[in-house]
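# Structure at a glance
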Amino acid sequence: MKSGSNLEKVLKAGHFAFTGELGPPRGTDAEEVRKKAAFLKGNVDSVNITDNQTAMVRMASWAASLLIMQEGLEPNYQMVCRDRNRLAMQADILGAYALGIRNMLCLSGDHQQFGDHPSAKGVFDIDSMQLIYMVKKMRDESKFLGGGDIEEPPQMFIGAAANPFAEPFEWRVHRLAKKINAGVDFIQTQCIYNMDKFREWIKRANDMGLTEKVYILAGVTPMKSIGMAKYMKAKVPGMDVPDEIIKRLQGAEKGKVAAEGIKIACEQIEEFKELQGVAGVHLMAIEWEHKVPEIAELAKVLPRPVME
Amino acid sequence: MIVAQRKPFDEIMDMLKGYKKVLNVGCGTCVAVCLAGGEKEVTVLNTELDMARKLKDDPIEIDGITIERQCDREYLAELDAKVDAYEAVVSMACGVGVQFLAERFPQIPVFPMVDTSGLAANQAVGWYEERCRSCNQCVLGMTGGICPVTMCAKGLYNGPCGGTNQGSCEINMDQPCAWYMIYERLERQGRLDNILELHKPVEWLDQTPRTLIQPGYKKIDPEDMV
Ligand code: SF4
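Only a predicted model underlies this, so the values are computations on that prediction, with no experimental measurement involved.

### Description of the overall build of chain B
Along chain B, the regular secondary structure elements total 7 helices and 9 strands. Taken over C-alpha atoms, the radius of gyration comes to 22 Å for chain B, far larger than the 17 Å a tight globule of 226 residues would show. Projected onto its principal axes, the C-alpha positions of chain B cover 65 × 45 × 25 Å. Going through the 226 residues of chain B one by one, you find that 40% of them count as buried. If you take every contact in chain B between residues at least 6 apart in sequence, the share linking residues at least 24 apart comes to 61%.

Below, the structure is given as structure tokens:
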């Protein structure tokens, strides 16, 4: 065991993992975090706590992580490279571990231009790949990036993102291999809508032997509406939404579009359970946390395994 | 070359409030080429200032002179005999020139008239694009001649990030993704192995003021020079 986190145990035992996501509030309301957490409890193995998602200021990821731990959930602490330099990052990692956080997701972060402080200075002292390398060095060598010794090093289960759809497609598996070499333990992918492309990506990852070295959790976000599907297709960089998805939603009866979105998601999850190389699903139902129990039920991923 | 752009006129008017006799010093090198601070731009600014101040009933006496390079003592020397006749000096050179001027005449207020924006290439007349951030450790050999520090909006050394969008950067469809271009070029040259390995965290060399002394040369006391 690298970290002994619940997520690591679930994956190591060969269970099909199911993780969720929670966005901290744009304010100090702990109750809001607890409410969202209540919908996720018992339905997922670990919950990603986003870090200033879309470059909007929100409650710190470590703080919201702590709040959900108090509710009996396991956080997956996200950290972006946009907002901190290597000193602040390492300090936060030590603090997070001391507070009981055991999973981390290393991300570049959306460009600050997208958020509510568009002219903020983007730090990017290190990038997501180098962040993985740094967390691994802290864990496995008990060393800070600068070379100094760490007493009681943080034993994190190290995660990262992968986008199977971004061009150049040929490069995607190499980038995955690079993350594995840097030290990543698990991957959560970008939301998948283009299943053909995803199958091709995972096949290539299998062929290169990558899926034996890393746990891949397929990213799923159910579409709430036709507008959301169109927006994601047109406006969200790196998102691949085939027209068939939009057509299927358009074909749904009035008032049943969201249900159709959930149905599509559940069909995907069914396929992922059988797909070689996929170790689980990461469900990103942001601002739709109350639907998670229903989705988990319909996707037949309940009950979640209880690990020792 | 170094490129710059004239400051907004209101900001210039604000800086010169209260000064009645001013010398405007242009620079004949980079900023002249990029049409920001050469002889012609000195004349234009002076004319505008003269008119604007007259309209305000607060005339200004403003002379202009353009020297070859403001970042070079040899040329600044021309100004030694002139500046003391003025209440202030304004410079149309890049930030280097402004500072060098201010350093030579510490008794006189010196104001910048341009905003220096960077090291850029001349795409066409009046159109310049940044290409270098002078990071002090060039990786262009590895990246197929495309600078990730300058051209990638996040300055990533292990790109592209997840936001890369069909060849464009996530910030804007009109901005090419540097890492997409790097991939394409290296692929065409059969050099993808350059970027297969992790590029370790960078030891930044631009975090303190830098001094550069070429091999065979040494630091000498400015007093001993011209
Ligand atoms: S999209 Fe490309 S250029 Fe833009 S930040 Fe990401 S890697 Fe850099």
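### Looking at the overall build of chain A
Regarding its fold elements, chain A presents 11 helices and 8 strands. Relative to its length of 308 residues, chain A is compact, with a C-alpha radius of gyration of 19 Å against a globular reference of 19 Å. Taken along the three principal axes of its C-alpha coordinates, chain A extends 60 × 45 × 45 Å. Summed over its atoms, the accessible surface of chain A is roughly 12,600 Å², and 52% of this surface lies on carbon and sulfur atoms. Mean positive and mean negative side-chain charge positions of chain A (40 and 41 charges, respectively) differ by 3 Å.

### So, the interface of chain A and chain B
Across the contact, 28 residues belong to chain A and 28 residues belong to chain B. Taken together, both faces of the contact between chain A and chain B bury some 2,500 Å²; the carbon and sulfur share is 59%. The largest contributions to the chain A side of the interface with chain B come from Gln 130, Trp 171 and Lys 178 of chain A, which together make up 23% of the buried area. Inspection of the chain A/chain B interface yields 0 salt bridges. The tally of links between chain A and chain B comes to 15 residue pairs in polar contact (both at pLDDT 80 or more). At 7 residues, helix α6 (residues 169-182) of chain A tops the list of elements feeding residues into the side of chain A that touches chain B.

### A word on the nonpolar core
If you look at the biggest cluster of nonpolar residues, it comprises 97 residues, and the most contacted ones within it are Leu 131, Met 156, Phe 198, Trp 201 and Phe 272 of chain A. Counting residues in hydrophobic clusters, the runner-up holds 25 residues, among them Cys 27, Ala 52, Met 92 and Ala 120 of chain B.

### Overview of the site of the ligand
Residues and elements named next belong to chain B. Surveying the vicinity of the ligand reveals the residues Cys 152, Ala 153, Lys 154, Leu 156, Pro 160, Cys 161, Thr 164, Cys 169, Glu 170, Cys 177, Ala 178 and Trp 179. Taking a 2 Å distance to the grid points as the criterion, the majority of the atoms of the ligand fall inside the largest cavity. A class-by-class count of the residues in the shell around the ligand yields 9 nonpolar, 1 polar and 2 charged.

### Considering the sheet that holds strand β2 (residues 46-49) of chain A
All names here are of chain A. In spatial order, the strands read β1-β2-β3-β4-β5-β6-β7-β8; together these 8 strands close into a barrel with parallel pairing. Neighbouring strand axes in the sheet, compared pairwise and without regard to direction, differ in orientation by 25 degrees on average. Looking at chain direction, strand β3 (residues 75-80) and strand β4 (residues 103-107) are connected through 5 bridges and run parallel. The partner of Gln 78 across the bridge, within β4, is Leu 105. The strands touched by helix α7 (residues 195-207) within the sheet are β5 (157-162), β6 (186-191) and β7 (215-220), with β7 carrying the most contacts at an inclination of about 175 degrees. This element, helix α10 (residues 257-274), spans β1 (17-22), β7 and β8 (280-283) of the sheet and lies at about 165 degrees to β7.

### Thoughts on empty space enclosed by the protein
All names here are of chain B. Enumeration over the complete set of coordinates arrives at 2 cavities of 30 Å³ or more. In this model, the largest cavity occupies a volume close to 100 Å³. In this structure, the largest cavity is lined by 15 residues; those nearest its centre are Cys 152, Ala 153, Cys 161, Cys 169 and Cys 177. In terms of residue class, the lining of the largest cavity is built from 11 nonpolar, 2 polar and 2 charged.

### As for the sheet that holds strand β4 (residues 88-91) of chain B
Residues and elements named next belong to chain B. Taken together, 4 strands build an open sheet; the order of strands is β3-β2-β4-β5 and the sheet is parallel. Strands at the two margins of the open sheet, each flanked by one partner only, are β3 (61-67) and β5 (110-112). Each neighbouring strand pair of the sheet contributes to a mean axis angle of 25 degrees, computed without reference to strand direction. Note that strand β2 (residues 21-27) and β4 share 4 bridges and pair parallel. Paired with Asn 24 across the bridge in β4 is Val 90. Along the sheet, helix α3 (residues 39-55) contacts β2 and β3; its crossing angle with β3, the most-contacted strand, is approximately 175 degrees.

Here is what the cut-offs are and how they apply
In every chain, residue numbers begin from 1 and rise along the written sequence. The naming scheme follows written order: chains are lettered A onward, ligands numbered 1 onward. Local features are withheld for residues below a pLDDT of 70 in this predicted model, meaning they are given only at 70 or higher, and side-chain atom pairs are given and counted only at 80 or more; totals for whole chains, interfaces and linings count all residues. Where side-chain values are given, they derive from all heavy atoms of the structure, hydrogens and water being excluded. Secondary structure elements are taken from DSSP: a helix is a run of H or I of four residues or more, a strand is a run of E of two residues or more, and numbering for both begins at the N terminus. In this treatment the radius of gyration is a C-alpha quantity, and the globule benchmark scales as 2.2 Å times the residue count to the 0.38 power. For every residue, the accessible area obtained with a 1.4 Å probe (protein chains only) is divided by the maximum for its type, and the residue is called buried under 20%, exposed over 50%, and partly exposed between those limits. Any two residues having at least one pair of non-hydrogen atoms within 4.5 Å are treated as being in contact. Each accessible area value is a Shrake-Rupley result obtained with a 1.4 Å probe; residue values ignore everything except the protein chains displayed when judging cover. None of His or the chain ends enter the tally, which takes Lys and Arg as positive and Asp and Glu as negative. For this purpose, a charge sits on NZ of Lys, CZ of Arg, CG of Asp or CD of Glu. The term buried area means the drop in 1.4 Å probe accessible area that two parts suffer when joined, counted for both and summed. Salt bridges are defined by distance alone: a side-chain nitrogen of Lys or Arg within 4 Å of a carboxyl oxygen of Asp or Glu. The definition of a polar contact used here is a pair of N or O atoms within 3.5 Å, where within protein one atom must be able to donate a hydrogen and the other to accept one, and adjacent residues in sequence count solely through side-chain atom pairs. Nonpolar cores are built from buried Ala, Val, Leu, Ile, Met, Phe, Trp, Tyr and Cys residues. Side-chain atoms within 4.5 Å join them into one set. In this text, near means that some heavy atom of the residue lies within 4 Å of the molecule or strand in question. Residues are called lining when one of their atoms sits within 4 Å of a cavity or pocket point, these points coming from a 1 Å grid over the protein atoms alone, where a cavity is a set in which a 1.4 Å probe fits but cannot get out and a pocket is an open set with protein on both sides within 12 Å along at least five of seven lines. By definition, a pocket or cavity contains a molecule when more than half of the molecule's atoms lie within 2 Å of the pocket's grid points. Each residue gets one label: Ala, Val, Leu, Ile, Met, Phe, Trp, Tyr, Cys and Pro are nonpolar, Asp, Glu, Lys and Arg are charged, and the others, such as Gly, are polar. Strand pairing follows a simple DSSP-based rule, namely that at least 2 bridges must link the two strands. Under this scheme, a helix contributes an axis fitted over its contacting stretch, all axes are lines through C-alpha atoms, and angles between N-to-C directions fall in the 0 to 180 degree range. Grid points are joined across faces, edges and corners, and a volume is the space filled by probe spheres set on the points.

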